[in-house]
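If you want the building blocks of each chain, they are given just below.
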Amino acid sequence: MSSDVAASDVTATRDIELAIGGMTCASCANRVERKLNKLDGVTATVNYATEKAKVTFPVELDPAELISTVEAAGYTAELPRPPEPPREETDGDETDRDEAAARSLRQRLIGAVVLSVPVVLLAMVPALQFEYWQWISLTLAAPVVTWAAWPFHRATWTNLRHGTATMDTLVSMGTLAAFAWSLYALLFGSAGVPGMTHPFELTVERTSGDGNIYFEVAAGVTTFILAGRYFEARSKRRAGAALRSLLELGAKEVAVLRDGTEHRIPVERLAVGDRFVVRPGEKIATDGVVEEGTSAVDASMLTGESVPVEVGPGDTVVGATVNSGGRLVVRATRVGSETQLAQMAKLVEDAQTGKAAVQRLADRVSGVFVPIVIALAVGTLAFWLGAGASTSAAFTAAVAVLIIACPCALGLATPTALLVGTGRGAQLGILIKGPEVLESTRRVDTVVLDKTGTVTTGAMTLVDVHVAEGEDADEVLRLAGALENASEHPVARAVARGAAERVGSLATPESFTNVEGLGVRGVVAGRAVLVGRAALLAEWSHSLPPKLEAAKAEAERAGRTAVVVGWDGRARAVLVVADEVKPTSAEAVAQLRALGLRPVLLTGDNEAVAKAVAAEVGIDDVIAEVLPKDKLEVVKRLQSEGRVVAMVGDGVNDAAALAQADLGLAMGTGTDVAIEAGDLTLVRGDLRVAADAIRLSRRTLATIKGNLFWAFAYNVAALPLAAAGLLNPMLAGAAMAFSSVFVVSNSLRLRGFRSIVTPVATGEVPAKPVNTPVAA
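Predicted, not measured: the structure shown is a model, and the values here were computed from it. In every chain, residue numbers begin from 1 and rise along the written sequence. Where totals are concerned, whole chains, interfaces and linings use all residues; where local detail is concerned, this predicted model gives features only for residues with pLDDT of at least 70, and gives and counts side-chain atom pairs only at 80 or more. Side-chain figures throughout are based on the complete set of non-hydrogen atoms in the structure, without hydrogens or water.

### Remarks on the pattern of salt bridges
Line of reasoning, step 1. The rule for a salt bridge is simple: a side-chain nitrogen of Lys or Arg has to be within 4 Å of a carboxyl oxygen of Asp or Glu. Taken as a whole and assessed by the stated rule, the structure comprises 23 salt bridges.
Line of reasoning, step 2. One salt bridge connects Glu 262 with Arg 327, and the closest N-O pair in it is separated by 3.7 Å. Taken together, the residues span a long stretch of sequence, with Glu 262 in strand β6 (residues 261-266) and Arg 327 in the loop between β12 (322-323) and β13 (328-334) at a distance of 65 residues.
Line of reasoning, step 3. Classification of Glu 262 as partly exposed rests on a relative accessible area of 28%.
Line of reasoning, step 4. Here's how the labels work: a residue is buried when its accessible area is under 20% of the maximum for its type, exposed when over 50%, partly exposed in between, all with a 1.4 Å probe on protein chains only. On the basis of relative accessibility, which here comes to 41%, the residue Arg 327 falls in the partly exposed class.
Line of reasoning, step 5. Residue Arg 331 pairs with Glu 291 through a salt bridge whose shortest N-O separation is 2.8 Å. With Arg 331 in strand β13 and Glu 291 in strand β8 (residues 287-292), this pair connects stretches of sequence that are 40 residues apart.
Line of reasoning, step 6. For Arg 331, a relative accessible area of 31% gives the class partly exposed. Runs of H or I in DSSP of at least four residues are treated as helices and runs of E of at least two as strands, each being numbered from the N terminus.

See below:
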């Protein structure tokens, strides 16, 4: 009993996503995360780039306590907005807030640039230093240090009230120290005398401090860092643009049928079970089942498949796809956050909000980096003063330490690469479920491919027609197709579909009987026709000629299904049906091999079928006749052999294996269960996208590591130079800002990632045409 209670306690949690405001660096995110995680039973992940916290907490905990905890740390938090308000208002409010914040940042940056450029030029070019130039510099620099830099000072004050320091503390202390020292030199030193000049130097010359001013440092650093913040904000918005566009695919209004009359309502008011009308050219409002009408639906915006899918009564349709043909009446089966479009968007959102191990490292480092740097700056000042250097030289070295150490690049290294990588993946039909997935892609050495629906189309297709001597193939297909058209068996549907493509419309049988496990029989056009296994024809004394027998045996050796057709006491033909290999699968396997992966074909089919498919696509390792529950064991066995396994599948029976694999890739054309279990979702049913997904993941991980290396190497190399007094504070600020711009630019290079999938035959491929009949 106690164990049951314990189990229920463990599972009695819920997830929520909070919008966090007031964060200015990765240290802020780290601090909010630590505060939330101190609450009993709470697990929180805070992402600086998306400004969101993903929190798992006990059901008995009031979410308001989470908000108060964040506010106590000096930041703001908002609960998710309820779905009831119309989307236009919600989106408008968020857009207004974003635009207001961006506008304020842009105004401060423009003002800082206009005012600081003259200050910097006066300090750098001695020829421009007229008689009272230093006082003009004070007049111009004061608004930059106070108004333009106000966000840094405000964040510093908030943090100091809570006994912490962040990267904003470095910026605020550095600029205020430079400004205050310059003001002191003007008012009480020799810097304020008319005609004072001093050259702009790349290194610090230890001279009397009361004769030097550093307005260019205070104004220049503020401008550089504001520019970095502004371009960082722009890059975050650009990187997430592809992801936000997913939510904009859906319809805004829908025509609901109420008592036989159409009523236009916002999509948000649509409920499960509602029947709605979709006219040609309109977007389907939500996921549902067609109840009336037939049409072709263009799903290219979700799946990348360029060929419209024919739908009719009983067929399922997906929201945001476009009705290309006739009028449809659809019954809603999933609305709001349950729809496929919303789930896709949620996968992308989860990918942004999660954290990779490399990002956790960066956050931990930045959390302790600031106090260390402040201590180093104080130590630098004390050392140079103790070593007999001038106050000016000691002060300048200390300020340079504060400025050069601002680890903005460190905070940007991982989030920007993840944002751009996941955004580019969404554009290519690759949804990265969580950034921790990136860690797995580097180590994967084996890829297990489910056969049906992954390597093959997953649909039975008529591929060959072998007719007896003197028989007409069209006549065989006309009679067999008409009879099979009355059956619901997958093999029968394949025969009927293939026959209709070859001979046109099919007649209605005059009589029809299903013979359990053997086939069908009936009367078509006055003839008693048998279609099915050879055993069915044998019961009616229809013997196979030797050449038809050979054709049947050859098909079965290749793992295909042989369907025998006969009438009037004779076997007339052998129809060959198979689950066709997708035309792109062989190319996909070659691409996976090129990535250093060892492909393994896994299937529940018999070994002959599996080996035939494997030979066609170029796979050497085949594991066949595996029960659904045993697929998990196969993955575990491969892992026990020391392999790092990626699994590609699309069915419910693949879900456990996808979850067990080090990297699970779910076909987006498959089941919801498989997609939920996978780490990456491939929106299109093209196996080549799996190679793209692994390439993109590896490229994103490499970008993150490159960014982190640059940020760490930069700080490690620059801090000693600044402490030694070898860096002018303004140059230190410029270099620091450049490192942030470099990291953002390096991440944005991921937007240029190109798919190696050619534009032909993407998605679910059409059935292969029936081959020319072979006389047997």
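### Side note on helix α26 (residues 688-723)
Line of reasoning, step 1. Any helix carries an expected span of 1.5 Å times its number of residues minus one. Between the first and last C-alpha of α26 there are 53 Å, a value that for 36 residues agrees with the 52 Å anticipated at 1.5 Å per step.
Line of reasoning, step 2. Gly 725 sits one or two positions beyond α26 and adopts a positive phi of about 80 degrees.

### Section: the packing of aromatic side chains
To describe a pair of aromatic rings, you give the distance between the ring centres and the angle between the ring planes.
Line of reasoning, step 1. Classification of ring pairs uses Phe, Tyr and Trp, with its six-membered ring standing for Trp, and accepts pairs whose centres are within 6.5 Å; under 30 degrees between planes counts as stacked, over 60 as edge-to-face, and the remaining range as tilted. All told, the structure shown has 3 aromatic pairs when counted by the stated rule.
Line of reasoning, step 2. Seen from their ring centres, Tyr 184 and Phe 188 are 5.7 Å apart, and the 40 degrees between their planes marks the pair as tilted. Here Phe 188 and Tyr 184 lie together in helix α7 (residues 167-188), a separation of 4 residues that amounts to about one turn.
Line of reasoning, step 3. The class of Tyr 184 is partly exposed, set by a relative accessible area of 42%.
Line of reasoning, step 4. Residue class for Phe 188 comes out exposed when judged on its relative accessible area of 63%.

### Description of the UniProt feature "transmembrane region" (unreviewed entry) in the protein
Line of reasoning, step 1. UniProt positions are given in the numbering used here, feature names are shortened, and annotations may be inferred rather than shown by experiment. The residues that UniProt annotates with the feature "transmembrane region" (unreviewed entry) are residues 109-126, 132-150, 170-193, 213-231, 365-387, 393-420, 707-724 and 730-748.
Line of reasoning, step 2. As annotated, residues 109-126 has a helix share of 89% and a strand share of 0%, and its two end C-alpha atoms lie 26 Å apart.
Line of reasoning, step 3. Helix makes up 79% of residues 170-193 and strand 0%, whereas the separation of the span's terminal C-alpha atoms amounts to 31 Å.

### Comments concerning the environment of Pro 546
Line of reasoning, step 1. When you line up the elements, Pro 546 lands in helix α20 (residues 546-557).
Line of reasoning, step 2. The exposure class of Pro 546 is exposed, given its relative accessible area of 70%.
Line of reasoning, step 3. Separated by 78 residues in the primary sequence, Pro 546 and Ala 468 place their C-alpha atoms 9.7 Å from one another.

### Focus on the nonpolar core
Taken as a class, soluble globular proteins show a tendency for nonpolar side chains to be buried jointly.
Line of reasoning, step 1. For our purposes a nonpolar core is just a set of buried Ala, Val, Leu, Ile, Met, Phe, Trp, Tyr and Cys residues, chained together by side-chain atoms within 4.5 Å. Of all hydrophobic cores here, the largest spans 47 residues; its most connected members are Leu 449, Val 455, Leu 663, Leu 665 and Leu 687.
Line of reasoning, step 2. Throughout, a contact is declared for two residues whenever any of their heavy atoms are within 4.5 Å. Dropping the residues within four chain positions of it, Leu 449 is found in contact with Val 455, Val 589, Leu 592, Val 600, Leu 601, Leu 602, Ile 619, Val 648 and Leu 687.
Line of reasoning, step 3. Listed in part, the 35 residues of the second largest apolar core include Leu 105, Met 196, Ile 225 and Tyr 230.

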